[in-house]
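Topology and contacts: notes
This is what each chain is made of:
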Amino acid sequence: MNRNKKIVMISPPAIALANQIRKTIPPFGLLTVGATVEERGYHDLLLIDSVVEGFDNVVPDSYEGFIKYGLDDEEIARRVEEYGADFVGITVLFSGMAECGYNVAKAIKRRLPDIPICMGGIHITAVNKQRLMTEQKSLDFVINGEGDKAFPDLLDEYFTKQNFASVRGLTWKFGNDIVENPREILIENLDILPFPAWHKFDMEKYFDINIPFSPFVKSPRVGTIITSRGCPANCNFCFISWTAAKDRGDNKPYRTLSADYTIRMIQYLIENWGIKELQILDDSFTVDYHRCMKIFEGIKDFGLRIEFPNGIRADLPKNLDRRKKLYTAMREAGVWQVCYSPEHGNQDYLLNYIDKGMDLNQVVSSCDIAHDNDFLVHSNFIMGFPEETKDLRNDTEQFARKLDADSFSFSFATPYPGTALYEEVKKKNLFVADYDKNRVMFDKVNIIPHDISEEGLFKHVENLNREINELAQDKRPELTKIKYDLLDKKVETKDKKYHHKKSEDNNYLPTTANYLKERIAGV
């Protein structure tokens, strides 16, 4: 068939706290699906990352204290028209991006009423597709589940027989009806996929901005990878948890790239873009001990500086001797910091309500092992679950205060569509007044607190981020000074996640930041 068609795939602008660090990495939805579209034979392919292309375009958001940043919707539509696109795909990875994605689709349809638009991503998979397509008139197709095969299949059908019923995972319009096809099974062997389509982006733009997922970098040449899909844990707040995936009927919720594939992918980044640092964004990278050991052995001579900004399980491997061997291998490969997510300080609550399946004693043990290898440790906690009491919040606070971590993040429980937490909050009618499933933000209170006001909970979390991070900074002052100096050299930060004392004068920074210093001079 003739695949000489012009395809445009778009990652929309973003919404964030006005004083939050604006990060930018190549969007994985475009990287992975774009790669399979190109592999199918659609080589006239334009990928638009609105955030990196419009990084300096910052406007106030409708939520007080928030901003929208990235290319203007009309500018995106203009680029689509200028390219002469035959088909447009828009990715909405998370619920916080959904409204932005819808607005992009509307802008394109205003300019190009006849162009077909398809949307996919985690949020699209989570919500009711019939209602979505009824409400969002600009969408002609949406994809439920992974798009690696479904989107190229849709393109093939659109440009030939238009037998859309044959495309698994597709929801589409047939006259006045909306048809939802059966879901495609998940790809079990991820090694059959091509490398992500980094070559379709101007990677130098990301290196120039130099604020990747974790901003504590010595070199701007940072590669970001994900080597697995899904998660074997059951956390009630997570869309990709094993339980949530099984509830959707997924055949194999947790899958990984092989060690060999992962090593070759990292080599590819080094050879083509000269990366000096690697940020592994898996949610559960260390689940498979033998795979991890093989990866670290295979990359230890690459001279990379490595971290895991999304976190690794603090309780894996279960065997402590293996855990020590793994951490030694990590150090030899270039790891400098690890991140754990205990989430809560009450063990029973963590096991029986959040369903994390983690022994908090193992978090304590892993901090010791990490420090034995000269790693810094970051730790994540959540407050504001439905009907969470002051005593439960105090358990989290006290556990965090005792934990020998070097930095902390306290965030708010966030009911994302498609999660058990969302269904509970919906059933109990506990959404705050301005909750919107199409712009879910974990930087604000989303659930009506049980025994404290919304403002009180917000201030409590802000104060904890400030106080506990200031105390933690004195535990290993030489290492933390090196870490925070990397941030202070390029960003004037007030972001609560990176709160610290300024090293040169020991003054306390206010809690949150946004712009590269040279970009806001005089503002």
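Residues numbered from 1 in each chain as written. Predicted model: local features only at pLDDT ≥ 70, side-chain atom pairs only at ≥ 80, totals over all residues. Heavy atoms only, no water.

Per-residue pLDDT for the protein chain has a mean of 92; in total, 93% of the residues score no lower than 70. Counting interchain partners and residues more than four positions distant, the pLDDT-below-50 stretch residues 503–523 has 65 contacts. (pLDDT = per-residue confidence, 0-100. Contact = heavy atoms within 4.5 Å.)

Another point: the sheet that holds strand E4 (residues 58–60). Strand order across the open sheet formed by 3 strands is E2-E5-E4, with antiparallel pairing between neighbours. Edge positions in the open sheet fall to strand E2 (14–17) and E4, since each of these has one partner strand only. With direction set aside, neighbouring strand axes in the sheet form an average angle of 35°. Pairing geometry for E2 and strand E5 (residues 66–69), over 4 bridges, is antiparallel. Within E5, the position partnered with Leu-17 by the bridge is Phe-66. (Pairing = 2+ DSSP bridges. Helix = DSSP H or I, 4+ residues; strand = E, 2+ residues; numbered from the N terminus. Axes fitted to C-alpha atoms, helices over the stretch in contact; angles between N-to-C directions.)

Here the focus is the packing of aromatic side chains. Overall, the coordinates contain 34 aromatic pairs when judged by the stated rule. Seen in terms of ring centroids, Phe-87 and Tyr-158 are 5.2 Å apart; in terms of plane orientation they differ by 80°. Their pairing is edge-to-face. Of the two residues, Phe-87 sits in strand E6 (residues 87–91) while Tyr-158 sits in helix H7 (residues 147–158), which places them 71 residues apart along the sequence. The buried category is assigned to Phe-87, whose relative accessible area is 0%. Both rings, one in Phe-216 and one in Tyr-484, keep their centres 5.6 Å apart while their planes meet at 80°; by these two values the pair is edge-to-face. Of this pair, Phe-216 sits in the loop between helix H8 (203–209) and strand E11 (222–225) while Tyr-484 is found in helix H18 (residues 477–488), placing the two residues 268 residues apart along the sequence. (Phe/Tyr/Trp six-rings, centres within 6.5 Å; stacked < 30°, edge-to-face > 60°. Buried < 20%, exposed > 50% of the residue type's maximum accessible area, 1.4 Å probe, protein only.)

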